[in-house]
Every structure is written in structure tokens, then in C-alpha cells.
Amino acid sequence: MKISTRGRYAIRVMLDLAEHNTGDYIPLTDIAKRQEISEKYLEAIVSSLVKAGFLVALRGKNGGYRLTKSPEEYTMQSVLQITEGAFAPVSCLETEQNLCDRAETCKTLKMWKGFQKVVNDYFSNITLQDLLDDESDQYYI
């Protein structure tokens, strides 16, 4: 399993917005400069975060983006699911119903389900606030 730049940048955008939260909208140009990420690339990322209800956007002179909730309400799992989709290590676990013909007899399915659970549990227990607090020792298993 590999997290794409899109997923990593989504987390960086969310962190940037949380760190610089004054209640005002933060222009994408400011975020792009601070994070050293192309503004064009960030447009697609923030668009998906707005669509998911994680950010609110305002167009115009004083426009920009801001979080819709407080940092402790965003888990890394929820942010990454927007950009990465399901955390499925194998294709048969990508949908809720396993459509694989071999599911009933597969000797490895339990292992893949266990791996998926570990990843989901790990990322669902880290919030944006945790990353802001930077208590990095807490992330080691």
C-alpha cells in the first residue's frame, strides 16, 4: 500500500489550514507558497475536500478556504479516504461485498482483512489535532 502525493498533500493542506486558522478564509496561493506545492495541483485536492464537506470555500477578494470542523474532528483515515479511496490491500476488499469467486475458500483472505483493519485502526486514531500537537512518539505501534 502506497499513499499518493495527492493523499499526502491533502493532509498538508488540512494541517496548514488548521495551523493558520484565524476564522478568516485562507487563500490557496498562501497555502501553496507555504507548502511549496503547485497551486494548480492543490486546486484539484481542495475541490475534493470541499465536495466532501471538509472545507468551505469562498470566492472573491477575501476568499479562500477554511475547515468546517475543529482539528480534533478530522481523522487521517477520513482525509486519506477522500483522496486514496478504500484502504484495501487487495481488490476483493475494495467494496463492502466481496465479489471474488474464491472468497469462500481463500486461505489468505483473513490475513488481508487483518492488514486492512490494522491500517484503518491506525489512521482512524490520529487526528489533525494530534499532528498539530506533534507528539510523534504516540504513533509508534
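In this numbering scheme, every chain counts its residues from 1 along its sequence in written order. Totals for whole chains, interfaces and linings use every residue, but because this is a predicted model, local features are given only for residues with pLDDT of at least 70 and side-chain atom pairs only at 80 or more, for both listing and counting. Only hydrogens and water are set aside when side-chain values are computed; all heavy atoms of the structure are taken into account.

Draft legend 1. Region of interest: the overall build of the protein chain. Strands are runs of DSSP state E lasting at least 2 residues, helices are runs of H or I lasting at least 4, and numbering of each runs from the N terminus. From N to C terminus, the protein chain includes six helices and two strands. Overall, the protein chain shows an N-to-C arrangement of helices and strands of α-α-α-β-β-α-α-α. Principal-axis analysis of the C-alpha atoms gives the protein chain an extent of 60 × 30 × 25 Å. Classification of residues uses two cut-offs on accessible area relative to the type maximum, computed with a 1.4 Å probe and protein chains only: under 20% is buried, over 50% is exposed, and between them is partly exposed. For the protein chain, with 141 residues in total, the buried portion stands at 35%. Long-range contacts, defined here as pairs at least 24 residues apart, represent 62% of the contacts in the protein chain between residues at least 6 apart. All accessible areas in this document rest on Shrake-Rupley with a 1.4 Å probe, and a residue is counted as covered only by the protein chains that are shown. Accessible surface, the protein chain as shown: approximately 9100 Å² in total, 49% of it carbon and sulfur. Charged residues are defined here as Lys and Arg on the positive side and Asp and Glu on the negative side; His and the ends of the chain fall outside this count. Charged side chains are reduced to one point each, which is NZ for Lys, CZ for Arg, CG for Asp and CD for Glu. Of the charged side chains in the protein chain, 17 are positive and 20 negative; the average position of the first set lies 7 Å away from that of the second. Contact definition: two residues touch when any of their heavy atoms are within 4.5 Å.

Draft legend 2. Structural context of the environment of Phe123. By the element assignment, Phe123 lies in helix 5 (residues 109-124). Apart from residues lying up to four places away in sequence, Phe123 is in contact with Thr75, Met76, Gln77, Leu80 and Phe87.

Draft legend 3. Spotlight on the packing of helix 1 (residues 5-19) against helix 4 (residues 76-84). Running from amino to carboxyl end, helix 1 crosses helix 4 at an angle of 135°, the nearest separation of the two axes being 8 Å. Taken as axis vectors, helix 1 and helix 4 run oblique relative to one another. The handedness of the crossing between helix 1 and helix 4 comes out as right-handed. Here helix 1 contributes Arg6, Gly7, Ala10, Ile11 and Met14 to the contact with helix 4, which in turn contributes Met76, Val79, Leu80, Thr83 and Glu84. Just so you know the grouping, Ala, Val, Leu, Ile, Met, Phe, Trp, Tyr, Cys and Pro go in nonpolar, Asp, Glu, Lys and Arg go in charged, and all remaining residues, Gly too, go in polar. For the contact of helix 1 with helix 4, the residue count by class is six nonpolar, two polar and two charged. All axes here are fitted lines through C-alpha atoms, helices being fitted over the stretch that makes contact, and every angle between N-to-C directions spans 0 to 180 degrees. Each angle gets one of four labels, with under 35 degrees taken as roughly parallel, over 145 as roughly antiparallel, 65 to 115 as roughly perpendicular, and the rest as oblique. Here a crossing is called left-handed whenever its near helix is offset anticlockwise from the far helix by less than a right angle, and right-handed whenever the offset is clockwise.

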